[in-house]
Amino acid sequence: MQRIPEPLKELVEQMARLPGLGPKSAMRAAMTLLKWPEAETRRLGRNLYELRDKLHLCSRCGSLSDSDPCSVCADPSRGRDSLCLVAEWDSLLAMEEGNFYKGQYLILGGLLAPLDHSPAEALDMDRLTRRLAEGEVRELILALGATAEAEATASYVRDEVTRRFPEIRVTRLAQGIPLGAEVKFMDRETLRQSLRYRQELN
Ligand SMILES: [Zn+2]
């Protein structure tokens, strides 16, 4: 019986763990890679190999970047008094794509499960607290979405921020956005409108 050669087998096993790929489609993808011109396959390998060395987290906002601070945090034309809090980096990308927000961001690193009893571990509250303690931020805009997890997270963050920094205005994106919506999946116009009509939380 013909066996799958070991290097191919290992690659397929790894690729099968990627979202949207199972063992069969991973094998198909691997076969495609083998049919690519050799230089292309090697370039892909090199990119994968160097990914960890070339990308880091911005020490200001926590986003993925090839520079620290990232291009958004380093941009002197952006306002420093409003801070938009997003769950993950892809929400930041969605906001930036619309090009309507001119303030700063901070990535919280996740959302709370509605009945989470150890919230501090799931969220990067330290980064947020440090940032607010610098004293530049006047308004914190919660752009966490409209899911149950987002609701739980928003009320937790609002309570923490209001308790420690009562002078900071806490707002959230307008709730016209469909229930269950995640920021990263919202279209540009919906995001722009929900930022414009954002609501007071404290
Ligand atoms: Zn940054």
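An account of the accompanying structure is given in this report.

Analysis parameters
- Counting of residues starts from 1 at the beginning of each chain's written sequence and follows it residue by residue.
- In keeping with the model being predicted, local features are shown solely for residues with a pLDDT of at least 70 and side-chain atom pairs are shown and tallied solely at 80 or more, while totals for entire chains, interfaces and linings include all residues.
- Side-chain numbers here rest on the full set of heavy atoms in the structure, without hydrogens or water.
- Per the convention used, a helix needs a DSSP run of H or I reaching at least four residues, while a strand needs a run of E reaching at least two, with both numbered from the N terminus.
- With C-alpha atoms as the basis for the radius of gyration, the globule rule is written as 2.2 Å multiplied by the number of residues raised to the power 0.38.
- Exposure classes here rest on a 1.4 Å probe applied to the protein chains alone. A residue is buried below 20% of its type maximum, exposed above 50%, and partly exposed in between.
- Note on contacts: a residue pair is in contact if any heavy atoms of the two residues lie within 4.5 Å.
- Each accessible area is a Shrake-Rupley result for a 1.4 Å probe, and residues are judged covered by the shown protein chains and nothing else.
- In this tally, Asp and Glu contribute negative charge and Lys and Arg positive charge; neither His nor the terminal groups of the chain are included.
- In this description, the location of a charge corresponds to atom NZ of lysine, CZ of arginine, CG of aspartate or CD of glutamate.
- Pairing between strands is defined by DSSP: at least two bridges between them are needed.
- As a rule, the C-alpha atoms of each element are fitted with a line to give its axis, helices using only the stretch in contact, and angles between N-to-C directions run from 0 to 180 degrees.
- A 3.5 Å cut-off defines polar contacts: any pair of N or O atoms within that distance qualifies, except that in protein one atom must be a possible hydrogen donor and the other a possible acceptor, and neighbouring residues in sequence count only when both atoms are side-chain atoms.
- Keep in mind that water is not among the atoms, so a site may look incomplete; donors are the N, O and S atoms within 2.8 Å of the metal, or 3.2 Å for Na, K and Ca.
- Every geometry call rests on angle ranges, with four donors termed tetrahedral when all angles are between 85 and 135 degrees, four termed square planar and six termed octahedral when opposite donors are over 155 degrees apart and all others are between 65 and 115, and everything else termed irregular.
- Throughout, the arc means that of the directions going from the helix axis to the C-beta atoms.
- Residue types Ala, Val, Leu, Ile, Met, Phe, Trp, Tyr and Cys, when buried and joined through side-chain atoms within 4.5 Å, form a set referred to as a nonpolar core.
- By definition here, a salt bridge exists when the distance from a side-chain nitrogen of Lys or Arg to a carboxyl oxygen of Asp or Glu is within 4 Å.

## Some remarks on the overall build of the chain
Next, step 1: Of regular secondary structure, the chain possesses 9 helices and 7 strands.
Next, step 2: Taken over the C-alpha trace, the chain has a radius of gyration of 21 Å; the compact-globule value for 202 residues is 17 Å, which it surpasses by more than 25%.
Next, step 3: In terms of its C-alpha atoms, the chain occupies a principal-axis envelope of roughly 70 × 40 × 35 Å.
Next, step 4: Expressed as a percentage of the 202 residues in the chain, the buried residues total 38%.
Next, step 5: In the chain, the share of contacts with a sequence separation of at least 24, taken over all contacts with a separation of at least 6, comes to 59%.
Next, step 6: Of the roughly 12,400 Å² that the chain leaves accessible, carbon and sulfur atoms contribute 54%.
Next, step 7: Of the side-chain charges in the chain, 29 are positive and 31 negative, and the distance between the mean point of each set is 4 Å.

## Description of the sheet that holds strand E4 (residues 104-107)
Next, step 1: Overall, mixed pairing links the 5 strands, which are arranged E4-E3-E5-E6-E7 in an open sheet. With partners counted over all chains shown, the strands left at the sheet margins are E4 and strand E7 (199-200), one partner each.
Next, step 2: Sheet strands touched by helix H5 (residues 89-98): strand E3 (82-86) and E4. Its angle to E4, the strand with the most contacts, is close to 160°.
Next, step 3: Docked against the sheet, helix H7 (residues 125-133) engages E3, E4 and strand E5 (139-143), running at close to 150° with respect to E4.

## Some words on the side chain of threonine 171
Next, step 1: Inspection of the secondary structure puts threonine 171 in strand E6 (residues 169-172).
Next, step 2: Take threonine 171: its relative accessible area is 0%, and that puts it in the buried class.
Next, step 3: At a separation of 2.7 Å, a polar atom in the side chain of threonine 171 contacts the side chain of glutamate 139.
Next, step 4: Contact partners of threonine 171, with chain neighbours within four places excluded, come to Glu139, Leu140, Ile141, Leu142, Arg198, Gln199, Glu200 and Leu201.

## Describing the coordination of the zinc ion
Around a metal, the ideal angle is 109.5 degrees if four donors adopt a tetrahedral arrangement and 90 or 180 degrees if six donors adopt an octahedral arrangement.
Next, step 1: Around the zinc ion, the donor atoms from the protein are Cys58 (SG), Cys61 (SG), Cys70 (SG) and Cys73 (SG), and they sit 2.3 Å away.
Next, step 2: Considering all 4 donor atoms around the zinc ion, the spread of angles at the metal, 107 to 115°, places the coordination shape in the tetrahedral class.
Next, step 3: Mapped onto the sequence, the residues coordinating the zinc ion show the spacing C-x2-C-x8-C-x2-C. With cysteine 58 in the loop between strand E1 (56-57) and strand E2 (64-65) and cysteine 73 in helix H4 (residues 71-74), the pair connects residues that are 15 residues apart, well separated along the chain.
Next, step 4: Of the residues examined, cysteine 58 reaches a relative accessible area of 1% and is grouped as buried.
Next, step 5: The exposure class assigned to cysteine 73 is buried, which follows from its relative accessible area of 7%.

## Description of helix H9 (residues 188-196)
Next, step 1: When H9 is considered as a whole, its buried residues turn out to be Leu191, Ser194 and Leu195. The buried residues of H9 occupy an angular sector of 100° when the element is viewed end-on, so they sit on one face.
Next, step 2: Close packing links the buried residues of H9 with H5 and E5.

## A word on the nonpolar core
Next, step 1: Ranked by internal contacts, the top residues of the largest apolar core, which has 23 residues, are Leu85, Leu128, Leu132, Leu140, Leu142, Val157 and Val161.
Next, step 2: Where this core is concerned, the elements lending two or more residues are E3, H7, E5 and helix H8 (148-164).
Next, step 3: At 5 residues, the largest contribution of residues to this core is made by H8.
Next, step 4: Of all hydrophobic cores here, the second largest spans 21 residues; its members include Cys61, Cys84, Met95 and Met186.

## Brief notes about the pattern of salt bridges
Between side chains of opposite charge, a pair can form when the charged atoms approach closely.
Next, step 1: This structure, assessed with the given rule, holds 16 salt bridges.
Next, step 2: Glutamate 38 is the salt-bridge partner of arginine 42, the closest N and O atoms lying 2.7 Å from each other. Of this pair, arginine 42 and glutamate 38 both sit in helix H3 (residues 38-54), 4 residues apart, which is roughly one turn of the helix. Per residue, the accessibility class of arginine 42 equals that of glutamate 38, and both read exposed.
Next, step 3: The residue arginine 127 makes a salt bridge to aspartate 124 at a minimum N-O spacing of 3.1 Å.
Next, step 4: Of the residues examined, aspartate 124 reaches a relative accessible area of 25% and is grouped as partly exposed.

Keep in mind that these numbers describe shape and distance, not what the molecule does.
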